[in-house]
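Okay, here's what each chain looks like letter by letter:
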Amino acid sequence: SIVALYAGKPVAATFVQGFAPKVAYFAYTCVDRGHRGRGLAKAVKALALAELKRLGYAKASSNNNAANEPMVRVNRALGFKVVREQLGYAKSSSSA
């Protein structure tokens, strides 16, 4: 995982988990609202990818909401490809 600091405070982070041998999963990438639009998500994710490569990881995966266009652009810019799409479901507890 990588955390970016500005004036000693965290402003961006990406959290990575290792799964199968040499396969990593980006569980979460976030940027403080006041620091968005500056390339920080891409920077922390790129740094994490470089570290994964140095450690011998052969594959990395990531998920994000299709409506989160900035993160879609970050993932595409870093070379991630869409391999599947998911559907989300919700149900009100008041309906039978």
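Shown above is the structure to which this text applies.
For clarity, every value in this text was computed on a predicted model and none was experimentally measured.

A. Just the pattern of salt bridges, in detail. Tallied over the full model, the rule gives one salt bridge. In this structure, Arg-54 engages Glu-51 in a salt bridge whose closest nitrogen and oxygen atoms are separated by 2.7 Å. In this pair, Arg-54 and Glu-51 both sit in helix H1 (residues 40-54), three residues apart, roughly one turn of the helix. Residue classification places Glu-51 among the partly exposed positions, given a relative accessible area of 34%.

B. Spatial organisation of the packing of aromatic side chains. The full count for this structure, using the stated rule, is three aromatic pairs. Ring geometry for Phe-26 versus Phe-80: centroids 6.0 Å apart, planes at 90°, classification edge-to-face. Of this pair, Phe-26 sits in strand S3 (residues 23-31) while Phe-80 sits in the segment after helix H2 (69-77), and the two are 54 residues apart along the sequence. No difference in accessibility class separates Phe-26 from Phe-80, as the two residues are buried. Just above the ring of Tyr-57 sits the side chain of Lys-22; from NZ or CZ to the centre is 5.3 Å.

The rules behind these values
- Residues numbered from 1 in each chain as written.
- Predicted model: local features only at pLDDT ≥ 70, side-chain atom pairs only at ≥ 80, totals over all residues.
- Heavy atoms only, no water.
- Salt bridge = Lys/Arg side-chain N within 4 Å of Asp/Glu carboxyl O.
- Helix = DSSP H or I, 4+ residues; strand = E, 2+ residues; numbered from the N terminus.
- Buried < 20%, exposed > 50% of the residue type's maximum accessible area, 1.4 Å probe, protein only.
- Phe/Tyr/Trp six-rings, centres within 6.5 Å; stacked < 30°, edge-to-face > 60°.
- Lys NZ or Arg CZ within 6 Å of the ring centre and 35° of its normal.

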